[in-house]
Amino acid sequence: SADLSLTKTVNNATPTINQNVTFTITLSNAGPTDATGITVLDQLPAGLTFVSATPSTGSYASGTGVWTVASLASGSNATLQIVATVVASGSITNTAEVTASGQPDPDSTPNNHIGTEDDQASATLSAPAPPNIALIKTVNPTGTVLPGSDLTYTINFSNSGGSAAQNFIIADPDPANANPALRVFANVDFKVGSASISAPFAATIEYSNNGGTTWTYTPVSGGSGAPSGYDRTVTNLRWRFTAPLSQTAPNNAGTVNFKVRVR
């Protein structure tokens, strides 16, 4: 007989969506004889996408999830590392089981799906839900305004998801999607120094003078013939947050503002 057993670990039990994790499956033979004709099934469950596999011996077929080991000497181990991408939130359990062996096992039966036997092992991870960002934009005053009037735009932002928003940026307008006829900066002059963000948030405020192609422009008073204190050259601005946007109150919601003058 050959007493085969499995252990399984995962290098990160709390990953984020689209992050890679590594499962390590260790196959052991406690003897007393060498084991031959071994297969171990480790089919990735829903929520994980296969990236790569590295067996210390034998071969792993990602399509079937079968790790084939020709032989394993008594008293020795073999390992299989599987790298997968987490593509869903929630609890995900990955199970491996010995499904075949050329010798009888004294304390377990291959491929019987009984989790209490030592030829089956699992590792569980829990991925939080992704951020859920909402934006609401308002202008004051509303209605009809005359040339020379100042407008204050406010963007309320919030994150009601299950994890913080990393590398968070608010851009106005979005150069990829905004209709040029509806863009804020089409018929107004940006008020220099008016862009702000509510406490306790901090952001690097960047400006573009070419529709968002580059973000290195610095507004100047009277730019491109605008009145003193305003810049007609600005086409876009954005707030690049210096820290992740939390998913928990009170640090999950705030506002950004800027002012323009109607031409």
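Our subject is the structure that appears above.
Everything numeric in this text was worked out from a predicted model, so none of it was measured. (Residues numbered from 1 in each chain as written. Predicted model: local features only at pLDDT ≥ 70, side-chain atom pairs only at ≥ 80, totals over all residues. Heavy atoms only, no water.)

1. Quick word on the overall build of the protein
Each helix and strand counted, the protein has 0 helices and 18 strands in total. In terms of overall size, the protein is more extended than a compact globule, its C-alpha atoms giving a radius of gyration of 29 Å where 263 residues would be expected to give roughly 18 Å. The buried share of the protein, taken over its 263 residues, is 39%. Nonlocal contacts in the protein, meaning residues at least 24 apart in sequence, comprise 73% of its contacts between residues at least 6 apart. Carbon and sulfur atoms make up 52% of the accessible area of the protein, which amounts to about 12,600 Å² in all. Between the centroid of the 10 positive side chains of the protein and the centroid of its 15 negative side chains there is a distance of 36 Å. (Helix = DSSP H or I, 4+ residues; strand = E, 2+ residues; numbered from the N terminus. Rg over C-alpha atoms; globule rule 2.2 N^0.38 Å. Buried < 20%, exposed > 50% of the residue type's maximum accessible area, 1.4 Å probe, protein only. Contact = heavy atoms within 4.5 Å. Areas by Shrake-Rupley, 256 points an atom, 1.4 Å probe, with all protein chains shown as cover. Lys, Arg positive; Asp, Glu negative; His and termini not counted. Charge placed at Lys NZ, Arg CZ, Asp CG, Glu CD.)

2. Overview of the pattern of salt bridges
Within this structure, the stated rule accounts for 7 salt bridges. Of the charged contacts, one joins K137 and D172 as a salt bridge, the two residues approaching to 2.5 Å between their closest N and O atoms. Pair noted here: K137 is in strand 10 (residues 133-140) and D172 is in strand 12 (residues 169-172), with a separation of 35 residues, a long-range link. A relative accessible area of 39% places K137 in the partly exposed class. Residue R238 pairs with E206 through a salt bridge whose shortest N-O separation is 2.7 Å. (Salt bridge = Lys/Arg side-chain N within 4 Å of Asp/Glu carboxyl O.)

3. A closer look at the sheet that holds strand 15 (residues 203-208)
Ordered in space as 12-17-15, the 3 strands form an open sheet in which the pairing is antiparallel. In the strand order of this sheet, the two ends are held by strand 12 and strand 15, each with one partner. Within the sheet, the average angular offset between the axes of one strand and its neighbour, ignoring direction, is 15°. Note: strand 15 against strand 17 (residues 236-241), 6 bridges, orientation antiparallel. What sits directly across from E206, in strand 17, is R238. (Pairing = 2+ DSSP bridges. Axes fitted to C-alpha atoms, helices over the stretch in contact; angles between N-to-C directions.)

Keep in mind that these numbers describe shape and distance, not what the molecule does.
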